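Summary of structural features
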Amino acid sequence: MQRQGVVVSLQPSMTSNPLALCPESGHEKPLVFPLSQSAETMAYRIQGETGEWEVVIGLEVHAQVISNAKLFSGAATAFGAAPNSQVSFVDAGFPGMLPVINEFCVQQAIKTGLGLKAQINLRSVFDRKNYFYADLPSGYQISQFKQPIVGEGTIILDLADGATREVGIERLHLEMDAGKSLHDQHPSKTYVDLNRAGVALMEIVSKPDMRSPEEAVAYVRKLRTIVRYLGTCDGNMDEGSMRCDINVSVRRPGGPLGTRTETKNVNSMRFMHAAIEYEAQRQIELIEEGGVVVQETRLWDTAKGVTRSMRSKEEAHDYRYFPDPDLLPLVIEQELVDQIKASLPELPDDKKARFMEQYKLPSYDAGVLVAEKARGDFYEEVARGRDPKVAANFVIGDLLGALNKTGKDITESPISAADLGGLIDLIADNTISGRLAKDVFALMLETGKSAAVIVDEKGLRQVTDTGAIDAVIAQVMDANPDKVAEYRSGKDKLFGFFVGQVMKASQGKANPALVNEILAVKLKG
Amino acid sequence: MTNLTHLSMSEALAGLKAKDFTALELTNAYIAAVEAARPLNAFITETPDIALEQAKASDARYAAGTNLPLDGMPLGIKDLFCTKGVLTTAASHILDGFKPEYESTITENLFRDGAVMLGKLNLDEFAMGSANITSYYGPVLNPWTGKDPAGADRKLVPGGSSGGSAASVSGRFAIAATGTDTGGSIRQPASFTGIVGLKPTYGRCSRWGTIAFASSLDQAGPMTRTVRDAALMLQSMAGFDPKDSTSVDMKVPDLLAAMTGDIRGLRVGIPKEYRVDGMPVEIERVWSQGIEWLKAAGATPVEVSLPHTKYALATYYVVAPAECSSNLARYDGVRFGLRVEGKDLAEMYENTRGEGFGKEVRRRILIGTYVLSAGYYDAYYLKAQKVRARIAEDFTKAFEQCDILLTPTAPSTAFAIGEKQDDPIAMYLNDVFTVPASLAGLPGMSVPAGLASDGLPLGLQLIGRPFDEETLLRVADVIEKAAGPQPLPPYCR
């Protein structure tokens, strides 16, 4: 029986709106709460039969390195190629084949480490992790066990409740991916595709610093933002280029750490959230019923929405790690680290701070705009030489809102930054009114045409010719002599009626300011 | 005409240049010798067609005056080197039918320099053994034979693992051969068959395309009839290979030029720890003889100490099996070689590996798996790595007092087939003098030093500083001259 557990959380629930997750901290610099001091009212707690429980979460993210060639061979890495078309003899573990480190992948790892404000280890060692499986051709995975290339770092989470929170990075190491076993191609056989075998992965291990599913999701989201900014991983969870193993344990709030389990095969943020909730609940039930949590590897069953034990203790692998004698220790010159550091792009936290400073944007808006590098770039192009707040409103309120409805991201926007800027220019020079601009925007979205073309085609150019406005006003007053009389006898409220009528008669094209001005004079008589 | 197969490589090269005979004639003579030598079981695969093709190309180059350093030299290739399109077995059942699509860097380099391939030579399975008796293709016989007390012929092992290489060079059915040496696999068989065997410094020769036994120890090298031939052949084999991360980016010096014959003032270290208990008097005698030869040539013997020598064998038999247990995981029946079906993947692995690997290979995989497993790693593998560092330090210190070390190559002459076969420890002791230099990655070389009282050849081992193959060859050349012409093995008489 699934017992009822009550999730107490003061945070808004996850929504599909990407904007909802962006913080409004109200601070110029990210405000960091040490976890131990987090306000009691903000904490995520699960109410069990015997009291409150706290969830402790650590994440191991496998991020596929963006590189043309594999970590130890020259084979290509493109996603979606025909099975076994991107395999070298090294990847296939043929006799006598030797790995040679791809220096570009090393640079990508260093870059990522620097993006995580982490220690770069100038000497690291590749180890062999030994186990048998059909999609692991050499019978061992080359990884880094005791001496990873990147040590401790930090990542700042932007939480939905407006706070930011620091999560520690334990390490980042380089390793090769295994191939793929395809169990659905034949009724009794398993097929093996080695295209992925040997592709470079960065395993990024967090400290057990997260305390709710929301934080875990925010962590992966932020990590993804950072690697995308850096161009070191495309972060596409659905293509498997970012995969997540979740370590979960439960304890009494502030008490000693409980035994953790590791849940594998979680390939979306939604499943992450669900897997953590499920696993925490399962552990609490187990403990409260007098059982003990076993340290084990579990698998997220997407179809059933449960985690289940992957292998028993007897089947547990002894990986027999030892330094790979085919590879010398990886020694990096400080100069290379310095070069990479100097070439780092502006990172999301810095960019957010700059947007708040340079464009005077509120933290929320800045946060939304920097969540993807392309968004920030798009925004800056729109804002260049224009009112930054108007630009932010159009990008966030109109464009992102519309794109979100169709599930597109900004790189797929039918409206270019230049065209959106053009629209704002038309408002600024009084060619169209702010109200008309919304209609033009909708047409731009639909047709992909520029604002100027739409305005011309539809004849939406704002009328600023006072003679023309005079004529419309005269026409409206002539048609409503009774209303004119009432107005003149003191019914001031009717002014709005006349403005509406004039705008309507001009098909919205009359400049509202001019209409107001002239109408006031004419109505006085 | 003289018997072409009795020429050394340098003599044969001179003969070809002088147009005394053609490469085709030389190769044909060897092809016939290979066929005649089949009872010794030294070849797993003969490749006469390839050899003839290559010999014709050599002749064309000699005619055009564009001949290469090893043009027309009919070599045997240890069957641990992958050769494109030619069955490559590592003497194991598990590689049944494996024909690589690639050429090892070593054979590529040799062919680049005009060498001719007679075929693929037998060896201990995956180069694991010291007598060439673990091959799936059966044992190799030494061209040297002994007499038992009753006066009957005793069939002897050629040593191992490069047993086929040693037998073919000694028996005059390959002008030279490639070997590989992990703990003594070039040097010990060279000593057992009366030829020259050189294990270069680790990193001097590329390991790319050579089937791995223990990656941190494996090193390819030449097995030849003369020191000069070893220099010639190593010159072609050696060099930096970007495909092997452990190969060293260092220019290979002119090795022939190093053989000046002048060793005056050279300090020759005699490690006292190599005077092991129960060492046969014969070995002692040959060693002393070697010291005398070098003294006579103007060198100074210096006693040095390598205090950690007694741990070398134990260290080696932790490190090498550990690496082999991982290196041999790829032979799983999935992609190439033997597959023995089972009801599921695990059973297929078990069936394939159980049937595909011989007893000695299985033994080492088990030892290696054990020493790397959780709870034993620190006590065995890690400890062995620490001792290995101490052993290397011993050599570094010794080389402060001397320029080269002189030791026996092996603790005995060749033994009979069947001897020591049931006692792996006794077999492992064969490598007692060769393993320390392997662990330290140093160049080592075995040079024939005459016959023991049992009428069988014995070698002296030289150990040099890292990448100082030049001094090794220079001293080896002096020993070779001092020892004088070596008798032919009974097989050739």
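Residue numbers run consecutively from 1 along every chain, following the written order of its sequence. Throughout, the order in which chains and ligands are written sets their labels, letters from A for the former and numbers from 1 for the latter. At least 70 in pLDDT is required for a residue's local features to be given in this predicted model, at least 80 for side-chain atom pairs to be given and counted, and no such filter applies to totals for whole chains, interfaces and linings, which use all residues. With hydrogens and water stripped out, all remaining heavy atoms of the structure feed into the side-chain values.

Per an unreviewed UniProt entry, chain B goes by the name Glutamyl-tRNA(Gln) amidotransferase subunit A and belongs to Niveispirillum lacus. UniProt positions are given in the numbering used here, feature names are shortened, and annotations may be inferred rather than shown by experiment. The Sequence similarities (unreviewed entry) field of the UniProt record for chain B holds the comment "Belongs to the amidase family. GatA subfamily."

**Focus on helix α5 (residues 163–170) of chain B**
Quick reminder: α-helices carry 3.6 residues per turn. Residues three or four places apart thus point the same way. Residue and element names in this part refer to chain B. A 1.4 Å probe rolled over the protein chains alone gives each residue an accessible area, and that area as a share of the maximum for its type sets the label: buried under 20%, exposed over 50%, partly exposed in between. Only DSSP runs of H or I reaching four residues or more are called helices, and only runs of E reaching two or more are called strands; each is numbered from the N terminus. A large share of α5 lies buried, amounting to eight of its eight residues. For α5, the set of buried residues is Gly163, Gly164, Ser165, Ala166, Ala167, Ser168, Val169 and Ser170. Note on contacts: a residue pair qualifies if any of its non-hydrogen atoms lie within 4.5 Å across the two residues. Taken together, the buried residues of α5 touch β1 (43–46), β2 (74–78), β3 (116–121), β6 (176–181), α6 (187–193) and β8 (219–224). Looking one or two residues past α5, Arg172 carries a phi angle of roughly 65 degrees, positive in sign.

**Digging into the interface of chain B and chain A**
Contacts between the two partners involve 39 residues from chain B, matched on the other side by 30 residues from chain A. Summed over both partners, the accessible surface that disappears when two parts come together, traced with a 1.4 Å probe, is what is meant by buried area. Together, the buried faces of chain B and chain A total about 2800 Å²; carbon and sulfur atoms form 60% of this surface. Per-residue buried area on chain B facing chain A is highest for Ser245(B), Arg330(B) and Arg335(B); these three make up 22% of the total on that side. In what follows, salt bridge is the name for a side-chain nitrogen of Lys or Arg lying within 4 Å of a carboxyl oxygen of Asp or Glu. For Asp326(A), the salt bridge goes to Arg207(B), with nearest N and O atoms at 3.1 Å. Any N or O atom pair separated by 3.5 Å or less is treated as a polar contact, with the protein-specific requirement of one donor-capable and one acceptor-capable atom, and with residues adjacent in sequence counted only for side-chain atom pairs. Along the contact surface separating chain B from chain A lie 17 residue pairs in polar contact (both at pLDDT 80 or more). Taken together, the elements giving at least two residues each to the side of chain B that touches chain A come down to α9 (312–327), α10 (345–356) and α11 (359–372) of chain B. With five residues, the top contributor of residues to the side of chain B that touches chain A is α9(B). Charged residues are taken to be Asp, Glu, Lys and Arg, nonpolar residues to be Ala, Val, Leu, Ile, Met, Phe, Trp, Tyr, Cys and Pro, and polar residues to be all remaining types, Gly included. Broken down by class, the residue content of the side of chain B that touches chain A amounts to 19 nonpolar, eleven polar and nine charged.

**Remarks on the nonpolar core**
With 155 residues, the main nonpolar core has Met73(B), Leu75(B), Phe126(B), Leu406(B) and Met445(B) as its most contacted residues. Considering each element in turn, this core owes the most residues, nine residues, to α9(B). Leaving out residues up to four positions away in the same chain, Leu406(B) has contacts with Val268(B), Gly269(B), Ile270(B), Pro271(B), Trp287(B), Gly290(B), Ile291(B), Leu294(B), Leu460(B), Gln461(B), Leu462(B) and Ile479(B). Nonpolar cores are built from buried Ala, Val, Leu, Ile, Met, Phe, Trp, Tyr and Cys residues. Side-chain atoms within 4.5 Å join them into one set. Residues Ile149(A), Ile204(A), Val248(A) and Ile332(A) belong to the second largest nonpolar core, which totals 109 residues.

**Structural notes on the UniProt feature "active site" (unreviewed entry) in chain B**
Residues and elements named next belong to chain B. Under the present numbering, the feature "active site" (unreviewed entry) in UniProt falls on Lys78, Ser161 and Ser185. In three dimensions, the annotated residues from a span of 108 residues occupy one location, with a maximal C-alpha spread of 11.2 Å. Turning to its location among the elements, Lys78 is positioned in strand β2. The contacts of Lys78, once residues within four sequence positions are left out, are Lys120, Leu121, Leu123, Ala127, Ser161, Ser162, Ser165, Thr178, Gly179, Thr180 and Ser185. Assignment of secondary structure puts Ser161 in the loop between β5 (153–154) and α5. Residue Ser161 is classed as buried on the basis of its relative accessible area of 0%. Residues in contact with Ser161, not counting those within four places in the same chain, are Lys78, Asn122, Leu123, Asp124, Ala127, Met128, Gly129, Asn132, Thr180 and Ser185.

**Notes on the UniProt feature "domain: Amidase" (unreviewed entry) in chain B**
The positions that UniProt labels "domain: Amidase" (unreviewed entry) are, in the present scheme, residues 25–473 of chain B. With 36% helix and 15% strand, residues 25–473 of chain B has end C-alpha atoms that lie 31 Å from one another.

**What to know about the pairing of strand β6 (residues 127–130) of chain A**
Residue and element names in this part refer to chain A. Both faces of β6 are covered, namely the face carrying Asp127 and Lys129 and the face carrying Arg128 and Asn130. Pairing of β6 with strand β17 (residues 322–323), which is carried by two bridges, proceeds in the antiparallel orientation. Each residue of the ladder has a partner; that of Asp127, found in β17, is Pro323. What makes two strands pair is DSSP finding at least two bridges between them.

**What about the packing of helix α6 (residues 363–370) of chain A against helix α7 (residues 373–383) of chain A?**
All names here are of chain A. Only the contacting stretch of a helix is used when fitting its axis, a line to C-alpha atoms as for every element, and angles between N-to-C directions run 0 to 180 degrees. Contact geometry for α6 and α7: axes closest at 6 Å, N-to-C directions at 115 degrees. Along its contact with α6, which presents Val368, Leu369 and Val370, the element α7 presents Lys373, Arg375, Gly376 and Tyr379. Class assignment of the residues belonging to the contact of α6 with α7 gives a composition of four nonpolar, one polar and two charged.

**Describing the sheet that holds strand β7 (residues 140–143) of chain A**
In sheet architecture, strand pairing relies on hydrogen bonds along the backbone and comes in two forms, parallel and antiparallel. Strand order in the open sheet formed by three strands is β7-β6-β17 (chain A), and the pairing between neighbours is antiparallel. Among the strands making up the open sheet, the edge pair consists of β7 and β17 of chain A.

**Overview of the packing of aromatic side chains**
Each aromatic ring pair is described using two quantities: the centre-to-centre distance and the angle formed by the ring planes. In this analysis, rings of Phe, Tyr and Trp, with Trp reduced to its six-membered ring, are considered paired at centre separations within 6.5 Å, and the interplanar angle assigns stacked below 30 degrees, edge-to-face beyond 60, and tilted for intermediate values. Within this structure, the stated rule accounts for 35 aromatic pairs over all chains. With centroids separated by 5.6 Å and ring planes inclined at 70 degrees, the aromatic side chains of Phe322(A) and Tyr381(B) adopt a geometry described as edge-to-face. Of this pair, Phe322(A) sits in strand β17 while Tyr381(B) sits in helix α12 (residues 378–401), placing the two residues on different chains. According to the relative accessible area criterion, Tyr381(B) is buried, its value standing at 2%. Pairwise contacts between aromatic rings join Phe89(A), Phe94(A), Phe98(B), Tyr102(B), Phe126(B), Trp208(B), Tyr331(B), Phe336(B) and Phe357(B) into one cluster. The ring of Tyr319(A) is capped by Lys129(A), whose NZ or CZ atom sits 4.4 Å from the centre of that ring. Across from the ring centre of Phe497(A), 5.3 Å away, lies the NZ or CZ of Lys483(A), which sits over that ring. Throughout this description, the term charge over a ring refers to an Arg CZ or Lys NZ atom that lies within 6 Å of the ring centre and within 35 degrees of the ring normal.

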